[in-house]
Structure formats: C-alpha cells, structure tokens
Amino acid sequence: MSLDLEFDDGQQAVAEAVAAFCRERCPDEEVRASAGTLPRSLWRELADLGVLALCTPQGDGGALEWVAALESLGRFVFPGPLAATAFAGQCLPDAERAAVASGEAVVSLGAPPLLAFAPVADLFIETDGTRAWLARPQGEVAAVATLGGEPWGRVGLVRDHELPEAERASVLHDVVQAAYVAAAGERLLEDAAEHARTRRQFGKPIGEFQAVAHPLADCRIALTAARSLARTAAFHWDANGWEAAAPWAGAARLSGARAGLHALRTAHQVFGALGITLEGPAFHLSRRIRQLASQPSAAAQRNVLASLQLEVHP
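This structure is a prediction, so every number in the text was calculated from the model and none was measured.

The rules behind these values
Residues numbered from 1 in each chain as written. Predicted model: local features only at pLDDT ≥ 70, side-chain atom pairs only at ≥ 80, totals over all residues. Heavy atoms only, no water. Helix = DSSP H or I, 4+ residues; strand = E, 2+ residues; numbered from the N terminus. Rg over C-alpha atoms; globule rule 2.2 N^0.38 Å. Buried < 20%, exposed > 50% of the residue type's maximum accessible area, 1.4 Å probe, protein only. Contact = heavy atoms within 4.5 Å. Areas by Shrake-Rupley, 256 points an atom, 1.4 Å probe, with all protein chains shown as cover. Phe/Tyr/Trp six-rings, centres within 6.5 Å; stacked < 30°, edge-to-face > 60°. Lys NZ or Arg CZ within 6 Å of the ring centre and 35° of its normal. Pairing = 2+ DSSP bridges. Axes fitted to C-alpha atoms, helices over the stretch in contact; angles between N-to-C directions. Salt bridge = Lys/Arg side-chain N within 4 Å of Asp/Glu carboxyl O.

### As for the overall build of the protein chain
Part 1: For the protein chain, the helix and strand inventory stands at 11 helices and seven strands.
Part 2: What you see for the protein chain is a C-alpha radius of gyration of 19 Å, in line with the 20 Å of a compact globule of 314 residues.
Part 3: By principal-axis analysis of the C-alpha atoms, the protein chain measures approximately 65 × 50 × 35 Å.
Part 4: The buried share of the protein chain, taken over its 314 residues, is 53%.
Part 5: For the protein chain, the proportion of contacts with a sequence separation of at least 24, taken over those separated by at least 6, is 72%.
Part 6: Accessible surface, the protein chain as shown: approximately 14100 Å² in total, 53% of it carbon and sulfur.

What follows is the structure, given as structure tokens:
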C-alpha cells in the first residue's frame, strides 16, 4: 500500500492560514529582533489561530494539521517552544493544558540544568525521553546566551509529580520538530538557490557551476525525504495511533536534523561571507536550524529504529 502524502483541503487551509499570518506578523525583521527572548503577544496570536491546541481536547485537528502548520511556521522560523507545546498538550492536566493551548502559559521542556525557554517559562516539564514530570524551578533561572536565537536558562528543578503519556508526547514532539526543521531547511535552500541564480562570477551565474548546483540538488532530495517522513509519521499517528507513528517519528527527526544541517552548510558555502554575518540573509535561519538539530535525544530515536523494521513502499 502506498500513501498519498498531499494535504487534504482542510490541512492545506491550515498551512495557508498560518503562512499568511507569518507573512504579516512574523517577517524576517521580527525574527531577528526576537533573538534571545519570546514575543509573548505574537505567541498568543498564534494560539488564537488554534495552532497550539491542535491534537488536544481543547482544539481541533490531529498530527497532520500540526505538520501543515509547522511547515509554514518553519519557513518563517517562527520563534517559540513549538515542539515542547505539542509535548505538553499530550500529558499535562486539563487546567495547565488549557493555559498552554491559549498561549497564556509557556512551557520549558528538557533535562536540567540547561533548558530551552526557561527564562520566559511559566511551566516546566522534566523528561528523560521516556518519562516526564511536572516540575518547578529550584531557585532563580540564570539566563544563558546562545547563538540559536532561543532564550535558554540554567536552573535546577524539583519534581512535583509524574505525568502520564510521556512516550506518546515524545512521539508528537519529534514529528513537530522534524516538520519544522525540514521546512526551515527548505526556506534556507530556496534563498541560497535564488542567490546562486543572481550572483555572477566569470561572466555567468554561480548556479550554473556544478560545484554549486549539485550540492543544492542533493539538499533538495534530503529535505524532501525528511518532509515526507514527518508527514508519514503524522499520518500513522492519526490513522493508527502513536505507537504506529513512533518509528516514523524517530526516522523523521533524525532525517530532518541531518538534512537541515546539510542545507545550512551548503547554503553558507553558496552565500560565502554573507552566510555568516548577523545581518545577512541566512544567519537567522541557519542558527535556528543548528540549535534545534543539535538538541539531545538522538539516541532515543536510534534505539526505536533499531528495534523496529520500517516497511517502505514506493
């Protein structure tokens, strides 16, 4: 059996609505200005669209709607703990989940002492990849500077109680992160290809040189595969449950990280010095890809894939 991975009308409408919102409210200038913090008003506006409530009792849609939204959000490298929010929606108690879905509460997810979005978080979830606990900070959060454009903090956590459905939540987290990173990589690749089309050397566009064109084509293949894996994982989540989606989600996250890092290295080569300047056309994209792709837990995905055999049909 083969899968039709094209979005249906409802999912396509989600993608288009989120893309229109991002074009109006989250241009590149907003992304650059938000480095090191979280624009709370923009985060609440995204919640008002219903994105943060997807795949929860408070909202509509399932994992494929999440992926549709993330493919648009990733292209604009929309700031915020999107994957952590998807995780929280699967395991938090009703009151806390509703606060997260409405954008009133921001989640920091991870293993202390270094946590993404800790300086701006209202709720803390500690996880080791298979179990999760609702926790509270032990003392003040010490902000930590990063190159990735996310506010990170150093803090100890005190566990209040264990949360259910941590494995289920981890699967959706991986699907969301994979879709976001692959979409950000596609945006970066398209910008690099446009630069290669217009930048001239030796009397012709640099995109006509095989040393430029072939790596860009390789990146396109890898990113398309990563996007397809994220959509496949989401399909299995919606159709067959999170257990069926787990190996596909692990494959999608690993594939998305690899393809995203390959795209940023290639794009930086194409852009040259422009690719590594703070004010240049690529850095606000590539730093976000690198930060997300470099986050730990790859071992968990590899373990899932090692224990299962994916049946792939052309």
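Still more to cover.
### Observations regarding the packing of aromatic side chains
The geometry of an aromatic ring pair comes down to the distance between the two centres and the angle between the two planes.
Part 1: This structure, assessed with the given rule, holds two aromatic pairs.
Part 2: For the ring pair Phe202 and Phe209, a centre distance of 6.4 Å and an interplane angle of 80° mean the geometry is edge-to-face.
Part 3: Classification of Phe202 as exposed rests on a relative accessible area of 76%.
Part 4: Its end group placed over the ring of Trp133, Arg159 keeps NZ or CZ at 3.7 Å from the ring centre.
Part 5: The lysine or arginine in question, Arg231, covers the ring of Phe7, its NZ or CZ lying 3.8 Å from the ring centre.

### Describing the sheet that holds strand β2 (residues 114-116)
Part 1: Taken in spatial order, the five strands of this open sheet run β1-β3-β4-β5-β2, and their pairing is mixed. Only two strands of the sheet have a single partner each, and these edge strands are β1 (107-110) and β2. The mean angle between the axes of side-by-side strands here comes to 45°, regardless of whether they run parallel or antiparallel.
Part 2: Relative to strand β4 (residues 132-144), strand β3 (residues 123-127) runs antiparallel, the two sharing four bridges. Across the sheet, residue Phe124 finds its bridge partner in β4, namely Ala135.

### Examining the pattern of salt bridges
Part 1: Inspection of every chain in the model, using the stated rule, returns 16 salt bridges.
Part 2: A salt bridge links Glu126 to Arg159; the nearest nitrogen and oxygen atoms lie 3.0 Å apart. Pair noted here: Glu126 is in strand β3 and Arg159 is in strand β5 (residues 152-163), with a separation of 33 residues, a long-range link.
Part 3: Overall, the relative accessible area of 10% leaves Glu126 in the buried class.

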